[in-house]
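# Structure at a glance
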Amino acid sequence: MLTLVITLSRNKPLVVALWNHGRQAGRNEVTVLSKIEEAIPSLRRYASALLGSRQDADDLLHDCLVSALTNIKPRMTEHEVRPWLFTILRNRFISDQRRVASRGTTIALETADALMPATAPVQEQRLQMHELSRSLAALPKDQREVFLLVTLEGFEYAEVAAMLGIPLGTVMSRLSRARDQLRDSMDGRTRPALRRIK
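Residues numbered from 1 in each chain as written. Predicted model: local features only at pLDDT ≥ 70, side-chain atom pairs only at ≥ 80, totals over all residues. Heavy atoms only, no water.

### Points about the nonpolar core
- Among the nonpolar cores identified, the biggest contains 42 residues, and I36, L43, L85, L149 and V160 are the most heavily contacted of them.
- When residues of this core are traced back to their parent elements, those giving at least two are α1 (27-51), α2 (54-70), α3 (78-103), α6 (141-152), α7 (157-164) and α8 (168-187).
- With nine residues, the single largest contributor to this core is α1.
- Once residues within four sequence positions are removed from consideration, I36 is found in contact with L65, L69, I72, V81 and L85. (Core = buried A, V, L, I, M, F, W, Y, C linked by side-chain atoms within 4.5 Å. Buried < 20%, exposed > 50% of the residue type's maximum accessible area, 1.4 Å probe, protein only. Helix = DSSP H or I, 4+ residues; strand = E, 2+ residues; numbered from the N terminus. Contact = heavy atoms within 4.5 Å.)

Written out as structure tokens, the structure reads:
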């Protein structure tokens, strides 16, 4: 039996026992588990970028890891692990968003204070980070996903295309549009609305 303990936060440890039907853990299984462990910081970053809340990101990451660890493929190579994990995380995110949309949203009292307007930050760097966060949030979901996977997580275009199930050209197009929109937003320019021509 392999036992893997991953602590995502103080109050939510993830303990997974993987049974190997009475045999020793294979070298491949140990390699896959170590690759999963190495990917956790990147997965957490991506989940935080998608959700904005660290607590929600940790919950999403926890669900992703539980799903991954209970569905490890026996012949998975170490190069397949990271894209596989990001695909699981993205699919969990989409499922959770659909579930939330179907039953509405609630806001906890603790987070309601954070939604209230605060005084403007005085440091220029903090203002730029806030502007960047707002600009990222304003991107369409499909562009934001591609932008984060390529720029923040360093995936190749082909890997992103495989993870999202879209053509390579679509990945490049979405990334280009996202970069253009972010550049314009950060420079204070607004793009003219497209007109419909008959």
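### Examining the packing of α6 against α7
- Orientation of α6 relative to α7, taken along the N-to-C sense of each, is 135 degrees, at an axis distance of 10 Å. Considering the angle they form, α6 stands oblique to α7. Helix-helix and strand crossings are classified by hand; for α6 and α7 the assignment is right-handed. Each of E145, V146, L149 and V150 in α6 lies in contact with α7, whose residues at this interface are Y157, V160, M163 and L164.
- Within the contact of α6 with α7, the residues separate by chemical class into seven nonpolar, no polar and one charged. (Axes fitted to C-alpha atoms, helices over the stretch in contact; angles between N-to-C directions. Parallel < 35°, antiparallel > 145°, perpendicular 65-115°, else oblique. Left-handed = near helix turned anticlockwise from the far one by under 90°. Nonpolar A, V, L, I, M, F, W, Y, C, P; charged D, E, K, R; others polar.)

### Some points on the confidence of the model for the protein chain
- In the predicted model, the protein chain carries a mean pLDDT of 78, and 71% of its residues have values of at least 70.
- Confidence, expressed as mean pLDDT per element, reaches its minimum in the protein chain at strand β2 (residues 13-18) with 48 and its maximum at α7 with 92.
- A low-confidence stretch, residues 15-24 stays under pLDDT 50, and its non-local contacts, those more than four residues away or across chains, total 21 contacts. (pLDDT = per-residue confidence, 0-100.)

### Looking at the environment of L85
- Along the chain, the position of L85 falls in helix α3.
- Once residues lying within four places of it in the same chain are set aside, the contact partners of L85 are I36, A39, L43, C64 and A68.

### Topic: the packing of helix α5 (residues 124-138) against α8
- The interhelical angle for the contact between α5 and α8, taken along N-to-C directions, is 140 degrees, at an axis separation of 10 Å. Comparing their axes, α8 and α5 come out oblique. Handedness of the crossing formed by α5 with α8: right-handed. Note on element contacts: α8 touches α5 through Q181, L182, S185 and M186, opposite Q128, E131, L132, S135, L136 and A138.
- Taken together, the residues that form the contact of α5 with α8 break down as five nonpolar, four polar and one charged.

### Comments concerning the packing of aromatic side chains
- Scanning all chains against the criterion turns up two aromatic pairs.
- With centroids separated by 5.5 Å and ring planes inclined at 50 degrees, the aromatic side chains of Y46 and F86 adopt a geometry described as tilted. Taken together, the residues Y46 in helix α1 and F86 in helix α3 connect sequence positions 40 residues apart.
- Given the relative accessible area of 1%, F86 is considered buried.
- With centroids separated by 4.7 Å and ring planes inclined at 80 degrees, the aromatic side chains of F86 and F155 adopt a geometry described as edge-to-face. (Phe/Tyr/Trp six-rings, centres within 6.5 Å; stacked < 30°, edge-to-face > 60°.)

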